[in-house]
Amino acid sequence: MNKLEVLAPAGDEERLHAALNFGADAVYLGRKRFGMRASPMNFDFEQLVSAVESAHAKGIKVYLTCNTLPRNNEIPAFEQFVREAVDAKVDALIVADIGLLMLIKKYAPDMEIHISTQTGIVNYVTARELHNLGAKRIVLARELSLDEIAEIRAKTSPDLDIEAFVHGAMCVSFSGRCLLSQYLVNRDANRGECAQPCRWGYHLMEEKRPGEFFPVYEDEKGTYILNSKDMCMIDHIDKLAEAGVTSLKIEGRAKSAYYVTVVTNAYRMAVDEYYKNPCSFVLPDYIRDEVFKVSHRKYCNGFFFGTPEESQYYENSGYIRNYDVVAVVEKCENGVVYCTQRNKFFAGDTVELLSPSLRPVELTLDKLYDEENNEIETANHAMMKFSFKSELTFPKGTVIRKNLV
């Protein structure tokens, strides 16, 4: 049976530890250069070394992105980038450019190489040749169906891993190779600087009436004609496994630590449920509900079941956000739960506590106490320490969240 990997994003150290603590088998992250996400904090060399050490201590792999399409003036810096990846002991480099692939083989012949989704792999011939060039893994284009993935699996070496994006934002352009951002605001999406113009609202202007804008409607639904829904395949872990997918990749290096926590945990639990009974996989409702408790756009299944008919969302480009993290558990002792505040909330609020691989627990926090054990009405100072009494115990890092609806 194919061993499924839960692969989580890590945009900085906080997101990294969220992924490590909530069930990732591997994480992918970027440096300050050569990565497809320039907006997150990313990792300098010392942080990268620390990240790899922390991950390896838990038996979790680290994949480093170098999947931009660099220009001539960036190539001289690539050798040091690769040397530092080797020194940091990362488990693999993710690359999109054939030239960079050959340089990795030159500078680090023992480094595992993953071919990025930016390469646009949509057939078994390309997959085979990339494997022949030294790739251990291919990250497939998001535009493929499960049937196409199964054929690629059947017609390639079993030594070649297949990774697929299963959750998160989708790009309107083929395999993320978009020119809109660079054309409109001079921010190159192919070098990690995308301004996401596909999420903007657009209007029509007639040339003889400058400054007079007309709304663009599509079936009266709105004007966000390029805005795609988010992908979610948590109900279909069995079908992904049957198609031969090796690694389930969660998009979101620019998303919050809370997002990484909840979505990683949800897919961890979903995969574990699948292995309990692969022949009759049914996802429990409480696991499915988790992906709706983070900030998200409306969901769809992408291209996995063929060309999607309802993958665009025309009303707006905003997120649906019904929950917010309000605190994190530091420790439990003698019937007291000690926490650090993240967002304001009050005594008497009903909250959920989410621990790794466990069903969330709902509690009403009737009384809150400050560090001197004085009763308080609200936890209203950023990062303040507080506590509450409970017969239940929760591990360090448990997330406390509140329904905003």
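Just so you know, these numbers come straight off a predicted model, no measurement behind them.

**Some remarks on the overall build of the protein**
In terms of regular secondary structure, the protein is built from 10 helices and 22 strands. The proportion of buried residues among the 405 residues of the protein is 52%. Partitioning the contacts of the protein with sequence separation of at least 6, the portion at a separation of at least 24 is 67%. Total accessible area computed for the protein in this model is approximately 19100 Å², and 49% of it derives from carbon and sulfur atoms.

**Considering the side chain of R137**
Structurally, R137 can be placed in strand β6 (residues 137-139). On the basis of relative accessible area, R137 is assigned to the buried category, the value being 3%. A polar contact of 2.8 Å, which involves the side chain of R137, links it to the side chain of E5. Non-local contacts of R137, meaning those with residues more than four positions away in its chain, are made with E5, L7, Y63, I113, H114, I115, L160, D161, E163 and S247.

**Points about the nonpolar core**
Judged by nonpolar contacts, the single largest core of 90 residues is most densely connected at L29, L93, I138 and Y267. Looking at which element gives the most residues to this core, the answer is helix α9 (residues 257-276), with 12 residues. In this structure L93 touches L64, C66, F81, V82, A85, I104, M111, E112, I113 and H114, once residues within four positions along its chain are discounted.

**A look at the pattern of salt bridges**
When the charged atoms of two side chains with opposite charge come close together, those side chains can pair. Taken as a whole, this structure holds 24 salt bridges when the rule is applied. For D12, the salt bridge identified is with R15, shortest N-O distance 2.4 Å. Relative accessible area serves as the criterion here: at 13%, D12 is assigned to the buried category. Between E290 and R401 there is a salt bridge; the shortest N-O distance is 2.6 Å. Of this pair, E290 sits in helix α10 (residues 285-290) while R401 is found in strand β22 (residues 399-403), placing the two residues 111 residues apart along the sequence. The buried category is assigned to R401, whose relative accessible area is 0%. In the salt-bridge network here, residues are joined through shared partners; they are E5, K136, R137, D161, E163 and K249.

**What about α9?**
With 20 residues, α9 extends 29 Å from end C-alpha to end C-alpha; this agrees with the ideal 28 Å at 1.5 Å per step. Within α9, 17 of the 20 residues are buried, which leaves it mostly tucked inside the rest of the structure.

**Considerations on the packing of aromatic side chains**
Tallied over the full model, the rule gives seven aromatic pairs. Here F34 and F78 contribute two aromatic rings whose centre-to-centre distance is 5.2 Å and whose plane-to-plane angle is 75°, an arrangement assigned as edge-to-face. Here the residue F34 occupies a position in the loop between β2 (26-30) and α2 (45-57), and F78 occupies one in helix α3 (residues 78-88), the gap between them amounting to 44 residues. Ring plane angle 70° and centroid distance 5.2 Å describe the contact between F34 and F81, whose orientation is recorded as edge-to-face. One end of the pair, F34, is in the loop between β2 and α2; the other, F81, is in helix α3, with 47 residues separating them in the sequence. In terms of burial, F34 and F81 fall into one category: buried.

**Considering the environment of A347**
Looking at the element boundaries, A347 is found in the loop between β15 (345-346) and β16 (350-354). According to the relative accessible area criterion, A347 is partly exposed, its value standing at 28%. Sequence-wise, A347 and A379 are 32 residues apart; in three dimensions their C-alpha atoms are separated by 8.1 Å. Discounting residues that sit within four places of it in the chain, A347 has contacts with L365, D366, K367, L368, I376 and E377.

**Points about the packing of helix α1 (residues 13-21) against α2**
Helix-helix packing is described using two parameters, namely the angle between the two axes and the distance between the axes. At a minimum axis distance of 11 Å, the contact between α1 and α2 shows a crossing angle of 10°. As far as their axial angle goes, α2 and α1 are roughly parallel. Across from E13, L16, H17 and L20 in α1, the residues of α2 making contact are Q47, A51, S54 and A55. Broken down by class, the residue content of the contact of α1 with α2 amounts to four nonpolar, three polar and one charged.

**Examining helix α6 (residues 146-154)**
Buried within α6 we find L146, I149, I152 and R153. Buried residues of α6, viewed axially, fall in a sector of 120°; they line one side. Seen from the open side of α6, the exposed residues pointing more than 90 degrees away from its buried face are D147 and A154.

**Examining the packing of α1 against α9**
Axis separation between α1 and α9 bottoms out at 8 Å; the angle between their running directions is 15°. Judged by the inter-axis angle, α1 sits roughly parallel to α9. Between α1 and α9 lies a crossing of right-handed hand. Of the residues in α9, those touching α1 at E14, R15, A18 and A19 are A257, V260, T261 and T264.

**Examining unusual backbone geometry**
Residue K89 is not a glycine yet carries a positive backbone phi of 70°. Look at K89 and you get exposed, because its relative accessible area is 57%. The backbone phi angle of N373 is positive, close to 70°, even though this residue is not glycine. The topology assignment puts N373 in the loop between β18 (368-369) and β19 (375-376). By relative accessible area, which is 54% here, N373 ends up exposed.

**Notes on the pairing of strand β11 (residues 247-250)**
Burial of β11 is two-sided: the residues S247 and K249 facing one way and the residues L248 and I250 facing the other way are all buried. As judged from the three bridges shared by strand β1 (residues 5-9) and β11, these two strands associate in the parallel manner. What sits directly across from L7, in β11, is K249. As paired elements, strand β7 (residues 161-168) and β11 share four bridges and run parallel to each other.

About the criteria used
- Residues numbered from 1 in each chain as written.
- Predicted model: local features only at pLDDT ≥ 70, side-chain atom pairs only at ≥ 80, totals over all residues.
- Heavy atoms only, no water.
- Helix = DSSP H or I, 4+ residues; strand = E, 2+ residues; numbered from the N terminus.
- Buried < 20%, exposed > 50% of the residue type's maximum accessible area, 1.4 Å probe, protein only.
- Contact = heavy atoms within 4.5 Å.
- Areas by Shrake-Rupley, 256 points an atom, 1.4 Å probe, with all protein chains shown as cover.
- Polar contact = N/O pair within 3.5 Å; in protein donor to acceptor, adjacent residues only side chain to side chain.
- Core = buried A, V, L, I, M, F, W, Y, C linked by side-chain atoms within 4.5 Å.
- Salt bridge = Lys/Arg side-chain N within 4 Å of Asp/Glu carboxyl O.
- Expected span 1.5 Å × (residues − 1).
- Phe/Tyr/Trp six-rings, centres within 6.5 Å; stacked < 30°, edge-to-face > 60°.
- Axes fitted to C-alpha atoms, helices over the stretch in contact; angles between N-to-C directions.
- Parallel < 35°, antiparallel > 145°, perpendicular 65-115°, else oblique.
- Nonpolar A, V, L, I, M, F, W, Y, C, P; charged D, E, K, R; others polar.
- Arc of directions from axis to C-beta.
- Left-handed = near helix turned anticlockwise from the far one by under 90°.
- Pairing = 2+ DSSP bridges.

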